[in-house]
Amino acid sequence: MDNIVIKRRLINAGFSKKEITFISFCAEKEKKLWIDIVIDLRLYFLGGMLFRFVALIFCVLSFVFNYDLGGIIFTLTASLFIAEFIAPFKLGVRVFLRFNKIIA
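Not measured: the values here are computed from a predicted model. (Residues numbered from 1 in each chain as written. Predicted model: local features only at pLDDT ≥ 70, side-chain atom pairs only at ≥ 80, totals over all residues. Heavy atoms only, no water.)

**Regarding the nonpolar core**
In terms of nonpolar packing, the biggest core is built from 17 residues, with Leu10, Phe15, Ile23, Trp34, Val38 and Val95 touching the most fellow members. Secondary-structure elements contributing two or more residues to this core are helix H1 (3–12), helix H2 (17–30), helix H3 (34–65), helix H5 (89–97) and helix H6 (99–103). Apart from residues lying up to four places away in sequence, Trp34 is in contact with Asn3, Ile6, Lys7, Leu10, Ile20, Ile23, Ser24 and Ala27. (Core = buried A, V, L, I, M, F, W, Y, C linked by side-chain atoms within 4.5 Å. Buried < 20%, exposed > 50% of the residue type's maximum accessible area, 1.4 Å probe, protein only. Helix = DSSP H or I, 4+ residues; strand = E, 2+ residues; numbered from the N terminus. Contact = heavy atoms within 4.5 Å.)

**As for the packing of aromatic side chains**
Per the counting criterion, the structure on display carries two aromatic pairs. Between Phe45 and Phe89 the ring centres are 5.5 Å apart and the planes differ by 45°, which places this aromatic pair in the tilted class. Pair noted here: Phe45 is in helix H3 and Phe89 is in helix H5, with a separation of 44 residues, a long-range link. Under the relative-accessibility criterion, Phe45 is labelled buried at 10%. (Phe/Tyr/Trp six-rings, centres within 6.5 Å; stacked < 30°, edge-to-face > 60°.)

**Description of the packing of H2 against H3**
Packed helices, taken two at a time, are described by the angle between their axes plus the distance between the axes. Contact geometry for H2 and H3: axes closest at 9 Å, N-to-C directions at 110°. Judged on the interaxial angle alone, H3 and H2 are roughly perpendicular. For the pair formed by H2 and H3, the contact residues are Ile20, Ile23, Ser24, Cys26, Ala27 and Glu30 on the first element and Trp34, Ile37, Asp40 and Leu41 on the second. Class assignment for the residues of the contact of H2 with H3 results in seven nonpolar, one polar and two charged. (Axes fitted to C-alpha atoms, helices over the stretch in contact; angles between N-to-C directions. Parallel < 35°, antiparallel > 145°, perpendicular 65-115°, else oblique. Nonpolar A, V, L, I, M, F, W, Y, C, P; charged D, E, K, R; others polar.)

**Observations concerning unusual backbone geometry**
In this structure, Lys31 is a non-glycine residue whose phi angle is positive, near 55°. On the secondary structure map, Lys31 appears in the loop between H2 and H3.

Below you can see the structure in the form of structure tokens.
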């Protein structure tokens, strides 16, 4: 699929011009097709969710066995910011939820 088809499908799926511009910028920067960027965003979202889940499990286990509330809050907050910095969460969610409309 070429970029024009993917752009049209992104517009039909409800993506804003700002989000489409971000995908276009990433595609030009990494010299990839738009569809590859969309697939990467979906995978980044899944990886970010896995990272957040592992951080949450760590915090729960730390709470159960140690009860160091300051460490728990710091770890959870830091992990959320790190995951957001690595992968754009809002755009990743939208791509993940509308992936079938974009690809099909």
